[in-house]
Amino acid sequence: VRAQQPIAPPEPGLTPQGIVARAEALRAKLVERQAETEERTYYSEEIHREFLAAGFYRALVPRRFGGYEFDLPTFWRLVIALARGCPSTAWCMCLASGHALQVGSLFEEEAQAELFGDGDFRCAAVAAPSGKATPTEDGWELTSTHPYSSGAPYSTHYMGQTFAPPAGDGPPPILLFVAPRSSWTMLDDWGDTLGLKGSGSHSVRFEQAHLPARYVLENTWMVDTDVSGGTPGYRLHGNPMYAGRTLAFFQGELSAVMVGAAKGALDEYEQIMRARKTQRPPIVSRHEDPDYQRWFGLAVGRIATAEAALLQCAEQWMELCARSVETGVPFSREDDLRLNIVAREALTLAWDAMQGQILRTAGSSAARNGQRIERIFRDMAMGWGHFGTIVGDWAARELAREHLGLMTEAPSRPDRHRTEIEQGT
Amino acid sequence: VIAPPEPGLTAEEVIRRAEDLVPVLRARQAECEELGRLPDETVSDLIERGFYRVLQPRRFGGYELELPVFSRVAIELARGCPSTGWTYALVAGHAHMLSALFGEECQVDVYGEDGDVRMPGNLRFLAEAVPVDGGFRITGAWDYISGCDSATHLVLGAEVPALGSEGAREITCIADAKECTIVDNWDVLGMRGTGSKRVVADGVFVPAHRTVGSLFDPDFLLTAPGRRVHENPFFATGSFFNLLFSEITAVAVGTARGALDVYEEILSTRMTTLPPIVPMREHPDYHRFYGEAVQLLEVAQAAFLSADRDYMECARRAAEEGTHYDPELDQRQILQKQLCSKLADDAVELMVRTVGSSPMRTGETMQRYRRDMTMLCTHNGAQAELAAGRYGRLHFGVELAQ
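Please read these numbers as outputs of a predicted model, since none were measured by experiment. (Residues numbered from 1 in each chain as written. Chains lettered and ligands numbered in written order. Predicted model: local features only at pLDDT ≥ 70, side-chain atom pairs only at ≥ 80, totals over all residues. Heavy atoms only, no water.)

A.B. asks: I'd love a proper account of the overall build of chain B, names of residues and values included.
C.D. replies: When you go through chain B residue by residue, the secondary structure sums to 14 helices and seven strands. Here chain B has a C-alpha radius of gyration of 22 Å; the compact-globule value for 402 residues is 21 Å, and the two agree. Projected onto the principal axes, the alpha-carbon positions of chain B cover approximately 80 × 50 × 45 Å. Taking all 402 residues of chain B together, the buried fraction comes to 58%. (Helix = DSSP H or I, 4+ residues; strand = E, 2+ residues; numbered from the N terminus. Rg over C-alpha atoms; globule rule 2.2 N^0.38 Å. Buried < 20%, exposed > 50% of the residue type's maximum accessible area, 1.4 Å probe, protein only.)

Dropping the structure here:
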């Protein structure tokens, strides 16, 4: 395959600050649309066009293929800014845009050129494997259903994991694949949950879909990728960001949405403080009340700490990527686990502020259905119960085992075992 | 004197009946939530088992049992269905308000011939009370009246407008529920089955003997006419506002108990989602999570019931010594009960975080317990740190700067 000419992004001069500012400018509109986004189970076509025009989906798409190739701190800033307006919308946008990083890292040039096209690329993905693929002459035939595929409504592609037929007595080999929209359909099965009803986390279904061999990687785990041997993406793009590990990245996406959601709740809390009076003597405007002042201050502090930790986590992630290609010191699994835990601690702080200060003291009227605090609470409760936060307990133990030299066998793979159990294999 | 329906009913038997009702109430949770009030069968179940009469004076057809018995019943009902527990606790707890604060003539009138009274209300002065012959006509609207659908009476705050040289004054009155109308504006995150709706009165007549002063006036609470009607120290000297915290805390503890029941069921049937893949009940993390939840919950319940016993003791001592309920101990008990609510919430929080996403699907029981507990925690009677501040001020004799 001959290297093709790089494709310029729509706005070559767009800066990281510029793209984040665009997300901030959209906040009021996203807040206004929260109810209809929940109702529809994903954001509107109009918002989608705004995101397209703003270049959000191209944030992590490689420059060579018409993307902006911004760094991870910029991407998480963008997600935080959108989540401050609407957590569901941010989750849907984030999960459709974030996986450009893995596709840009793990796949060979020919596949990347076809998949990214001119850079208009959105790719929902779920790490839990599902279904089965059988080998064909030039690729694979896939039949599978992938629930919780957040970002699916406007996705041009889907990235997922499935199993190849078992070889002998061993477990079935795992496959990582990317497939264009023409090969899958989206089911109408999202919205019936406590929160994040508008995140577009529908199921994606493949029925005897044909995937060319170059879109399928054997024995590759999306969330825990071994990059110690280098990546095709780094060789192609020359940017260390495309040589990184993924455990911290996936946790950080969830945490960015939750930190942004908490900032949105804080915005609303401030409005309530200015508009309402205390519930018990002395009856004064809440913003003049010492208790409310303290709760507000604590909430601001916790959320700011969460955001600072998360952005620093992204900086460290970039540094580990750079170090691995510059000095050859690998981006280790232990490093990735540590950053995964940092990102989860950031989420925990944001949740503490929501639960401990904002929701508890905003008053019962803020828990009425349709109130902004009520919706953000449900969204954050959904994020708090997400698989990603449970992985945190596992990650803590894995980190200890890595650090203490107890990894005598192959590292455990969270999603693999889970799926094997569910499938009875 | 009205005889209670079952003169020999004991505390143990009442608690046992509440425990027996737990699975029944749990099976009706979805229906209760859907209706936005207690199902009719539940209302009858609570009446038939004598629960509404637990605190009611013997003289007026009640069982006049001790406060911890009431709290135990409320815990069990909330365990089966938090909305049911809440409705029960806030309604049945008002037996104290009626019997300790309102005059004898009022009590004879309201308890009527059979003592069948369910009297929720809202004490804020949200109506106008116009003096008329023999009483007042009240016009206004009150929100958050839990249990209004199955009420016989309503206790409502109102303001008598200024007239001539006399300034406006605040009163608390008891209206017949059937004379008021209900507006369904209860559309909330959790506790959807409490039916804590708006009640509207449009010129409803309230006889003068069914009114007293403001229940927010601490001096009135100590000298209210009802204080002389019953000998039982619970009514004669028992703290009024303290009771509210027993009601709320019982529901918090019961809700966490209900969540623990579901948690145990899930742990007994599901596998871990992360290696090592074993049944949750065999995994060391889940042993710890479950143990911690029980720890939080048992400490909460023990400390709560102990505060209830202290309440009875304080009331007894005040009656014997001819003094008032000790104000500092009063606040200390409130302090203690509010922390128990928080511990119960912490237990639910722990369980929800570790139980996985699928129990958060709409219609799942665990999701409902979580929403109900969250709703409870937004109530201003569940703010442990505010109570802490009040206690500290009281202890050091410092007034909050206005």
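Having seen the model, we can carry on.
A.B. asks: Tell me about the overall build of chain A, and please be specific about residues and values.
C.D. replies: What chain A contains, in helices and strands, is 15 helices and eight strands. For 425 residues, the compact-globule formula gives about 22 Å, and the C-alpha radius of gyration of chain A, at 22 Å, lands near that figure. Summarising its shape, the C-alpha atoms of chain A cover approximately 75 × 50 × 45 Å along the three principal directions. Considering chain A as a whole, with its 425 residues, one finds that 62% of them fall into the buried category. Across chain A, contacts joining residues at least 24 apart in sequence account for 75% of those joining residues at least 6 apart. (Contact = heavy atoms within 4.5 Å.)

A.B. asks: Got a sec to walk through helix α10 (residues 247–275) of chain A? Specific residues and values, please.
C.D. replies: With 29 residues, α10(A) extends 43 Å from end C-alpha to end C-alpha; this agrees with the ideal 42 Å at 1.5 Å per step. Burial runs high along α10(A): 25 of the 29 residues are buried. (Expected span 1.5 Å × (residues − 1).)

A.B. asks: Could you give an account of the interface of chain A and chain B, with specific residues and numbers?
C.D. replies: With 44 residues of chain A at the contact, the number on the chain B side is 41 residues. Sorting the residues of chain A by area buried against chain B places A:Arg280, A:Arg360 and A:Arg368 first, and these three jointly supply 17% of that buried surface. Of the charged contacts in the structure, one is a salt bridge between A:Arg294 and B:Glu385, with a shortest N-O distance of 2.9 Å. Taken together, chain A and chain B are joined by 20 residue pairs in polar contact (both at pLDDT 80 or more). If you list the elements that add at least two residues to the side of chain A that touches chain B, you get α11 (290–327), α12 (333–362), α13 (372–384), α14 (387–403) and α15 (414–423) of chain A. The greatest single-element share of the side of chain A that touches chain B, amounting to seven residues, is contributed by α14(A). In terms of residue class, the side of chain A that touches chain B is built from 17 nonpolar, 13 polar and 14 charged. (Buried area = accessible area lost by both parts, 1.4 Å probe. Salt bridge = Lys/Arg side-chain N within 4 Å of Asp/Glu carboxyl O. Polar contact = N/O pair within 3.5 Å; in protein donor to acceptor, adjacent residues only side chain to side chain. Nonpolar A, V, L, I, M, F, W, Y, C, P; charged D, E, K, R; others polar.)

A.B. asks: Give a description of unusual backbone geometry that names residues and reports values.
C.D. replies: Although it is not a glycine, A:Tyr148 adopts a positive phi angle of roughly 60°. For A:Tyr148, the location among the structural elements is in strand β3 (residues 139–150). Exposure remark for A:Tyr148: the relative accessible area of 37% places this residue in the partly exposed category. The phi torsion at B:Glu64 lies on the positive side, around 45°, for a residue other than glycine.

A.B. asks: Describe the nonpolar core, with residues and values.
C.D. replies: Counting 212 residues, the largest nonpolar core has A:Phe51, A:Phe56, A:Phe75, A:Trp76, A:Met93, A:Trp317 and B:Tyr88 as the members making the most contacts within it. A total of 15 residues in this core trace back to one element, the largest contributor, which is α10(A). Residues contacting A:Phe56, with those up to four places away along its chain left out, are A:Ile19, A:Arg22, A:Ala23, A:Leu26, A:Phe51, A:Leu78, A:Leu82, A:Met93 and A:Ser97. (Core = buried A, V, L, I, M, F, W, Y, C linked by side-chain atoms within 4.5 Å.)

A.B. asks: Account for helix α11 (residues 284–321) of chain B, with residues named and values stated.
C.D. replies: Taking 1.5 Å of rise per residue, the 38 residues of α11(B) would be expected to cover 56 Å, and the 54 Å separating its terminal C-alpha atoms lies within 8% of that figure. Residue B:Gly322 follows α11(B) closely and has a positive phi angle near 65°.

A.B. asks: Please give an account of the pattern of salt bridges that cites residues and values.
C.D. replies: Across all of its chains, the model carries 58 salt bridges over all chains by this definition. Of the charged contacts in the structure, one is a salt bridge between A:Glu398 and A:Arg333, with a shortest N-O distance of 3.0 Å. Of this pair, A:Glu398 sits in helix α14 while A:Arg333 is found in helix α12, placing the two residues 65 residues apart along the sequence. For the pair formed by A:Glu398 and A:Arg333, the shared burial category is buried. B:Arg16 is paired through a salt bridge with B:Asp20; the nearest N and O atoms lie 2.7 Å apart. Of this pair, B:Arg16 and B:Asp20 are both found in helix α1 (residues 11–27), four residues apart, which corresponds to roughly one turn of the helix. Using a relative accessible area of 40% as the deciding quantity, one classes B:Arg16 as partly exposed.

A.B. asks: An account of the packing of aromatic side chains is needed here, citing residue identities and associated values.
C.D. replies: Geometry of an aromatic ring pair is reported as the spacing of the ring centres plus the angle between the planes. All names here are of chain A. In the structure shown here, the tally under the stated rule is 32 aromatic pairs over all chains. Ring centres 5.7 Å apart and planes at 80° place the aromatic pair Tyr-42 and Tyr-154 in the edge-to-face group. Taken together, the residues Tyr-42 in the loop between α3 (34–40) and α4 (45–54) and Tyr-154 in the loop between β3 and β4 (157–163) connect sequence positions 112 residues apart. The class of Tyr-154 is buried, set by a relative accessible area of 10%. Between Tyr-269 and Tyr-292 the ring centres are 6.3 Å apart and the planes differ by 35°, which places this aromatic pair in the tilted class. Residue Tyr-269 is found in helix α10, and its partner Tyr-292 is found in helix α11; the two are separated by 23 residues along the sequence. Of the two residues, Tyr-269 and Tyr-292, both sit in the buried class. (Phe/Tyr/Trp six-rings, centres within 6.5 Å; stacked < 30°, edge-to-face > 60°.)

A.B. asks: Now, about the environment of A:Glu39: what can you tell me, with residues and values included?
C.D. replies: Residue placement: A:Glu39 occurs in helix α3. Among the residues examined, A:Glu39 registers a relative accessible area of 69% and is labelled exposed.

A.B. asks: Can you explain the pairing of strand β1 (residues 121–132) of chain B? Please cite residues and give values.
C.D. replies: Each regular strand shows side chains that alternate between the opposite faces of the sheet. All names here are of chain B. Of the strand pairs in this sheet, β1 and strand β3 (residues 153–160) are connected by four bridges, and their pairing is parallel. Counterpart to Glu-128 in the pairing with β3 is Glu-159. Of the pairings in the sheet, the one linking β1 to strand β2 (residues 135–145) comprises six bridges and is antiparallel in character. Among the inter-strand pairings, Val-130 is bridged to a residue of β2, identified as Arg-137. (Pairing = 2+ DSSP bridges.)

A.B. asks: Which residues make up a nonpolar patch on the surface, and what values do they have?
C.D. replies: A grouping of B:Val130, B:Val132 and B:Phe205 is seen on the molecular surface, where their side chains present a nonpolar patch of about 190 Å² in accessible area. Its location among the elements puts B:Val130 in strand β1. (Patch = residues over 30% accessible without salt bridge, like charges linked within 9 Å, V, L, I, M, F, W, Y side chains within 5 Å. Areas by Shrake-Rupley, 256 points an atom, 1.4 Å probe, with all protein chains shown as cover.)

A.B. asks: Residues and numbers for the packing of α10(A) against α12(A), please.
C.D. replies: Residue and element names in this part refer to chain A. The interhelical angle for the contact between α10 and α12, taken along N-to-C directions, is 20°, at an axis separation of 8 Å. Taken together, the axes of α10 and α12 lie roughly parallel to each other. Crossing angle aside, the handedness with which α10 passes α12 is left-handed. For the contact of α10 with α12, a count of residues per class yields 19 nonpolar, six polar and two charged. (Axes fitted to C-alpha atoms, helices over the stretch in contact; angles between N-to-C directions. Parallel < 35°, antiparallel > 145°, perpendicular 65-115°, else oblique. Left-handed = near helix turned anticlockwise from the far one by under 90°.)

A.B. asks: Tell me what's going on with the sheet that holds strand β4 (residues 169–176) of chain B, and back it up with residues and numbers.
C.D. replies: Strand order across the open sheet formed by seven strands is β5-β6-β2-β1-β3-β4-β7 (chain B), with mixed pairing between neighbours. Each edge of the open sheet carries a strand with a single partner, namely β5 (181–183) and β7 (211–212) of chain B.

A.B. asks: Describe the side chain of B:Asn122, naming the residues involved and giving the relevant values.
C.D. replies: Among the secondary structure elements, B:Asn122 is positioned in strand β1. Not counting residues within four places of it along the chain, the set of residues in contact with B:Asn122 comprises B:Trp142, B:Asp143, B:Ile145, B:Val155, B:Leu156 and B:Gly157.

A.B. asks: Describe the environment of B:Arg16, listing the residues and the values that go with them.
C.D. replies: In this structure, the C-alpha to C-alpha distance between B:Arg16 and B:Val117, residues 101 residues apart in sequence, is 23 Å. Separated by 3.2 Å, the side chains of B:Arg16 and B:Glu13 make a polar contact.

A.B. asks: How would you sum up the state of the cysteines? Please name residues and give values.
C.D. replies: All names here are of chain A. Per the counting criterion, the structure on display carries zero disulfides over all chains. Of all cysteine sulfurs, the one in Cys-321 lies closest to Cys-313, which takes part in no disulfide; the gap is 11 Å. Look at Cys-313 and you get buried, because its relative accessible area is 1%. (Disulfide = S-S within 2.5 Å.)

A.B. asks: Run through the packing of helix α5 (residues 72–85) of chain A against helix α6 (residues 87–97) of chain A, naming residues and quoting values.
C.D. replies: All names here are of chain A. One way to put it is that α5 packs onto α6 with a least axis distance of 6 Å and a crossing angle of 155°. It follows that α5 is roughly antiparallel to α6 by the angle criterion. For the pair α5 and α6, contact is made by Phe-75, Leu-78, Val-79, Leu-82, Ala-83 and Gly-85 and by Pro-87, Ala-90, Met-93, Cys-94 and Ser-97, respectively. Split into classes, the residues belonging to the contact of α5 with α6 amount to nine nonpolar, two polar and no charged.

A.B. asks: Outline the side chain of B:Ser214, supporting the account with residue identities and numerical values.
C.D. replies: Residues and elements named next belong to chain B. Among the structural elements, Ser-214 can be located in the loop between β7 and α8 (218–223). Judged by relative accessible area, Ser-214 falls into the buried class, the value being 11%. In this structure the side chain of Ser-214 is engaged in a polar contact, spanning 3.0 Å, whose partner is the backbone nitrogen of Phe-216. Ignoring any residue separated from it by four or fewer positions in sequence, one finds Ser-214 in contact with Phe-125, Glu-170, Thr-172 and Phe-220.

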